[in-house]
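# Inside the fold
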Amino acid sequence: MTWPTDRVVNAVAEIHEDARGPAVASADPLGDPFLCTRFALPARPATFLRRQRLVDHLDHALGTPLTLLNGAAGAGKTLLAADWADGLRSPVAWLTVEAGDRRPGVFWAYVVKALRACGALPPGPVGFPADASRVDDRLLAALAAELNDRGRPVVLVLDEYDRVTAPEIAEQLEFVLHHAGRGLRLVIVSRTEPLLPLHRYRAAGALTEIRAAELAFTSEEAVALLELHGLSLPVHAARALVERTRGWAAGLRLSALAARESADPEVYLKEFEADRSAIADFLLAEVLRGQTEETQDLLLRVSVLDRFSPELADALTGRTDAEPLLVGLHRANAFVEYLGHSWYRLHPLFGEILRAHLRVRLPGLEPELHRRAARWLRHSGFLPETLAHGTAAGDWDFAAGVLVDDLAIGRLFTGLREGDLAQVFSDMGPEARSPATDLVRAARDLARCDVDRGLARLRHAEERLAPEEPGPAPDVTHDRAAAQLSCALLEALAARLTGSSQRAEKAAEAADGLWREVPARLLDEHPEMRALLLTHVGSACLWAGRYEEARAALTTVAGLRGSASTLLPREESMGHLALLDYLNGWLGRAERKALAAVSETERVGLPQPAGSGLGQLVLAAVAVDRHELDRAQALLDETARLPAGARDPVPTAGRALATARLLLVRGKARAAVEAADPVVSAAVASPWAAGHEALVASAAHLAEGRPDEAAELLQDMSGDQPACAVEAAAIQIAAGRPEAALNLLDSIRAHGRTGPAVTVRAALVRAQAAERAGDTATARGLMAQALLDARRERLRRPFLDAGPWIRPLLATAGLRELAAGWLMPGPETPPSPPLVVELSGRERDVLERLARMMSTEEIAADLYVSVNTVKTHLKSVYRKLAVNRRNDAVRRARDLGLL
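Since this is a predicted model, take the numbers as computed values, not measurements. (Residues numbered from 1 in each chain as written. Predicted model: local features only at pLDDT ≥ 70, side-chain atom pairs only at ≥ 80, totals over all residues. Heavy atoms only, no water.)

## Re the overall build of the protein chain
As a reminder, the rule being used: For the purposes of this entry, the term helix denotes a DSSP run of H or I that reaches at least four residues, the term strand denotes a run of E that reaches at least two, and both are numbered from the N terminus. Here the radius of gyration uses the C-alpha set of atoms, whereas the globule reference equals 2.2 Å times the residue count to the power 0.38. Residue burial is assigned from relative accessible area. The probe radius is 1.4 Å, only protein chains are included, and a residue is buried under 20% of its type maximum, exposed over 50%, and partly exposed in between. It only takes one pair of heavy atoms within 4.5 Å for two residues to be counted as in contact. Working definition of accessibility: Shrake-Rupley area with a 1.4 Å probe, residue cover restricted to the visible protein chains. Lys and Arg are tallied as positive, Asp and Glu as negative. Neither His nor the chain termini are counted. Lysine's charge is taken at NZ, arginine's at CZ, aspartate's at CG and glutamate's at CD.
Counting its secondary structure elements, the protein chain contains 46 helices and nine strands. Relative to the globule expectation of 29 Å for 899 residues, the C-alpha radius of gyration of the protein chain, 38 Å, shows a markedly less compact shape. C-alpha atoms of the protein chain, sized along the principal axes, occupy 135 × 80 × 55 Å. Going through the 899 residues of the protein chain one by one, you find that 53% of them count as buried. By sequence separation, contacts in the protein chain at least 24 residues apart represent 70% of the contacts at least 6 residues apart. Accessible surface, the protein chain as shown: approximately 39100 Å² in total, 52% of it carbon and sulfur. On the protein chain, the mean spot of the 106 positive side-chain charges and the mean spot of the 119 negative ones are 4 Å from each other.

Following this line, the structure appears as structure tokens:
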């Protein structure tokens, strides 16, 4: 910096001397005695927690000229600096700045006094300013020179530096810091940004910074702090407290002190009302009351918002001054957090307190603020927040209208924000009577599988949307088209839930005539509408046994890419396609699609099983056919967490199929029969579901020694369902009716669609018939082909279910080798399964350490993560590998080539 040369300088006046030489001043330039408490390190309370990570970072201050500790009031800056300074070997000059230090002479008098108090500055060369309003340049030069001549640096800590507002003091401080060289290490503790060229220090690597994000307590540190207060809190509860307080030190300490007086500290820390606590007193005194009237009004009004921009804040205040006020509040660390792109939010506790304060100071204004916010957000295209504020204002017709007009009603079914959206409309009362509110009610009912109520409300909405006058339909506005498209989507969902493929296709036809009436922008923004509708159509067609129509619709959805809103429909469609492959006998294809379906939703963190859980059910059925019974049970247990009483026919029948087959294998015939008969209120029967139900009942009769009853149940079985027909044929021949079995096989109309699970069972039935007829050569040839086909799919159940006749054949030369290693004990190893299980990098890290027999705690320590994080990764690995034990996970991972 440049110092003026024309200033009249009287350096002698700056130094108080007497006959004995330089004296130590006892008063500042105003004549007031120096306050020695301002030079003392602040005392740390008994409950102070030393956070070593911050102390270690602050040690870098010894290697940089400038250090900044910057954070809000109560962030723990001062205690951190005091604790660190107390452990230094270097001399430390501490100065707590006060409001009077805004005058340069007073400020520098205290700085010199602090340096002398710690022994870093001997009396003599540098005096004290005599004028409170100014300081002489020579004094500053002498101070810098004296510090530069020191053999080791002195650490000068300026606490509460935000009280210094004079730009000339900042310039003087920079001059001294620059010319003191290695003799001075300046540590500034401040709520605000100091008026120093931080960018230059930062670019030169000469700045150590500890800011609010680093000062925030972690969950583990919060647990340790609470223990110092005599409180024991589990990490998950501490995590919630840290989230609510944003790790704010004062908030944690004040809530801990209050919790100690509570009968149930853990409940108090979870549920305390911020506006009725000591935290409120702190924030109101330290932050709110120091603001101007305009700033206080702004803060009170934006407290109803989760986030806000200056323009949105202006809409709530009716003024145009929000931008400079918000910038100033953020720079002052006044609990206004900057989110980027001109968006801000309040600290959660500050927001709670301000909302309570708003209701007292401006009673009745809150609904109007929500209404203003909703309309601004609607105009700016922020749909979720528009809905939240519209409903908070009690304007249900507006909120529902926005949801329908924006073609966003499908978001209630996407699995991403459906819970939030459903909650937004949960308090909607009967006073809301628009067609849009009827559609929202219908959507919520159908989402809960309450078909009767949902259809009644849907019909009411459709009647109100119909043209009032008879004759040609008027031109369809885009709002009306959006509403009618919403009706078509809900019609298709109702058709899916009642198993009516014709109604689903009719809804799709209605939608086809409406897509072009809606702006392309809305269709691009909401691809979930088409995806959901086609998924419903595909599911209804699959239920009806119309496999080709189902495959066409579902394949279209599964092929969609790039949109999070279509993620659940894609997962559902792949699960349905996996079931289609399973019903046609393609176990490997079914498994790959089912695993892809599960992986699809795991990528975005949807809870597992997501949607209907159909992918896991298919995997369970495949595991039964491969005789991996523990794996099958684990997968069924996974899906048991889905809501009970769901009326979606396809997943319900899929669960019945997998469960009944597992129970049969385990010898629980009666339980299998009960499980095979699910409660499904479908308009039409499903041929494949009915076929599998009959197969289970027939197999139960056979297992209990009633072959005639078993055969009788299969009289109506036809070849239209190849998978059911071959199993029925196996039961017929086991019941002593080989002719009926062969006739059933001959009636199968496969058209090239059937996979190994069908062809292997058919070959075994024909082999058994040939063996009975004495044609051993034919039986051996059929058995050899069955073994080759089954080995590729690891298909074991047909051979295990075949009965004692098969054992002599398998023991013969040639067949024994084909069965060795995968069906019967032997040296051969089956080929690696053609599966792709996608594990994240962190999941692979956990799996590798699992294989090294490390405990959960050891894995956590090795990866520098929490034990809970390791447990979360383990659950995900178990789910992807379809196991429920550590050893099984390692074994399966090795089988799949993951280890």
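## Topic: empty space enclosed by the protein
For clarity, the cut-off: Note on definitions: the grid is 1 Å and covers protein atoms alone; a cavity is a set of points where a 1.4 Å probe fits but cannot get out; a pocket is an open set with protein on both sides within 12 Å along at least five of seven lines; lining residues have an atom within 4 Å of a point. Grid points are joined across faces, edges and corners, and a volume is the space filled by probe spheres set on the points. Each residue gets one label: Ala, Val, Leu, Ile, Met, Phe, Trp, Tyr, Cys and Pro are nonpolar, Asp, Glu, Lys and Arg are charged, and the others, such as Gly, are polar.
In total, this model carries seven cavities of 30 Å³ or more according to the counting rule given. Lining the largest cavity we find Y582, G585, L587, D625, R661, H692, A723, V726, E727, A757, V758 and R761. Secondary structure elements with two or more residues in the lining of the largest cavity: α36 (722-734) and α38 (756-772). Taken as a whole, the second largest cavity encloses approximately 70 Å³ of empty space. In terms of lining residues, the second largest cavity is bounded by F48, L49, R51, L54, G76, L79, L80, F217, A249 and R253. Mapped by element, the contributors of at least two residues to the lining of the second largest cavity are α2 (77-86) and α10 (249-260). Here the residues of the lining of the second largest cavity sort into seven nonpolar, one polar and two charged.

## Concerning the state of the cysteines
Going by this rule: Any cysteine sulfur atom paired with another within 2.5 Å is treated as part of a disulfide.
For the structure shown, the criterion picks out zero disulfides. Lacking any disulfide linkage, C36 is separated from the closest cysteine sulfur, that of C118, by 14 Å. Owing to a relative accessible area of 56%, C36 belongs among the exposed residues under this scheme. Among the cysteines around C724, which has no disulfide bond, C541 carries the closest sulfur, lying 19 Å off.

## Points about the packing of aromatic side chains
Note the following rule: Aromatic rings from Phe, Tyr and Trp, with only the six-membered ring used for Trp, were paired whenever their centres fell within 6.5 Å, and each pair was classed as stacked if the ring planes differed by under 30 degrees, edge-to-face if by over 60, and tilted otherwise. Whether a charge sits over a ring comes down to the Lys NZ or Arg CZ being within 6 Å of the ring centre and within 35 degrees of the ring normal.
One pass over the full model with this rule turns up 16 aromatic pairs. When the centroid spacing of 6.3 Å and the interplanar angle of 70 degrees are considered together, the rings of W343 and W376 count as edge-to-face. A residue pair is termed long-range when its members are at least 10 positions apart, and W343 in strand β9 (residues 343-346) and W376 in helix α17 (residues 366-380) qualify at 33 residues. Taken together, the aromatic side chains of F34, F39, Y110 and F128 make up a single cluster linked through ring pairs. Positioned above the aromatic ring of F398 is the side chain of R375, whose terminal nitrogen or guanidinium carbon lies 4.2 Å from the ring centre. Against the face of W586 rests R589, its NZ or CZ located 3.7 Å from the ring centre.

## Here we look at the sheet that holds strand β6 (residues 184-190)
Our working definition: Only strands joined by at least two bridges in the DSSP assignment are considered to pair. Under this scheme, a helix contributes an axis fitted over its contacting stretch, all axes are lines through C-alpha atoms, and angles between N-to-C directions fall in the 0 to 180 degree range.
Across the sheet, which stays open at both edges, the five strands sit in the order β4-β5-β6-β3-β7 with parallel pairing between neighbours. One side of each edge strand has no neighbouring strand; the edge strands of this open sheet are β4 (92-96) and β7 (207-210). Along the sheet, successive strands turn relative to each other by an average axial angle of 15 degrees, direction set aside. Taken together, the five bridges between strand β5 (residues 154-159) and β6 define a ladder with parallel strand orientation. Of the residues in β6, the one forming a bridge with V157 is V187. Along the sheet face, helix α3 (residues 104-117) touches β4 and β5 and points at about 145 degrees away from the line of β4.

## Here we look at the packing of α3 against helix α5 (residues 167-180)
Note the threshold: Crossings are assigned a handedness: left-handed for a near helix turned anticlockwise from the far helix by less than a right angle, right-handed for a clockwise turn.
Look at α3 against α5: their axes get within 10 Å of each other, and the N-to-C directions meet at 35 degrees. For α3 against α5, the interelement crossing comes out right-handed. Here α3 contributes P104, F107 and W108 to the contact with α5, which in turn contributes E168, I169, Q172, L173 and V176. A breakdown of the residues in the contact of α3 with α5 according to their chemical character gives six nonpolar, one polar and one charged.

## Some words on helix α14 (residues 310-317)
Within α14, six of the eight residues are buried, which leaves it mostly tucked inside the rest of the structure. Along α14, the positions that sit buried rather than exposed are P310, L312, A313, D314, L316 and T317. Packing partners of the buried residues in α14 comprise α13 (293-302), α15 (322-331), β9 and α17. Positive phi shows up at G318, right after α14, with a value of about 80 degrees.

## Description of the side chain of E572
Locating E572 in the fold gives a position in helix α28 (residues 567-583). By relative accessible area, which is 9% here, E572 ends up buried.

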